[in-house]
Amino acid sequence: MNSIREHREAMIPKMTQMQLAEVIGVSIDSIRRYEANTREPRVTELKKMAEIFDCSMDDLVNPT
């Protein structure tokens, strides 16, 4: 499973794709593509997601 999706769904309450898109300032289609691994987020978007999910950017791009 995609790390961005895992982090998003692990939030309590669970964050929707639309909510994440609004918070980081991208379209919901971009979030869908990130989670489907058909598009890579920009560094600025990764940084915002890492802050939201309280993890490192490395955790998002190199899940273990």
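Residues numbered from 1 in each chain as written. Predicted model: local features only at pLDDT ≥ 70, side-chain atom pairs only at ≥ 80, totals over all residues. Heavy atoms only, no water.

Draft legend 1. Here's a closer look at the nonpolar core. With 14 residues, the main nonpolar core has L20, I31, M49, F53 and L60 as its most contacted residues. Among the secondary structure elements, those contributing two or more residues to this core are α2 (17–24), α3 (28–35) and α4 (43–53). Ranked by residue count, the leading element in this core is α4, at four residues. Beyond its immediate chain neighbours, meaning those up to four positions away, I31 contacts Q17, L20, A21, I24 and V26. (Core = buried A, V, L, I, M, F, W, Y, C linked by side-chain atoms within 4.5 Å. Buried < 20%, exposed > 50% of the residue type's maximum accessible area, 1.4 Å probe, protein only. Helix = DSSP H or I, 4+ residues; strand = E, 2+ residues; numbered from the N terminus. Contact = heavy atoms within 4.5 Å.)

Draft legend 2. Broad picture of the packing of α2 against α3. Between α2 and α3, whose axes approach to 8 Å, the crossing angle comes to 110 degrees. The pairing of α2 with α3 is recorded here as roughly perpendicular in orientation. Here α2 runs over α3; the crossing is right-handed. When α2 is examined against α3, the residues Q17, M18, L20, A21 and I24 are found in contact with a partner set consisting of I28, I31, R32 and E35. Its residues assigned to classes, the contact of α2 with α3 comprises six nonpolar, one polar and two charged. (Axes fitted to C-alpha atoms, helices over the stretch in contact; angles between N-to-C directions. Parallel < 35°, antiparallel > 145°, perpendicular 65-115°, else oblique. Left-handed = near helix turned anticlockwise from the far one by under 90°. Nonpolar A, V, L, I, M, F, W, Y, C, P; charged D, E, K, R; others polar.)

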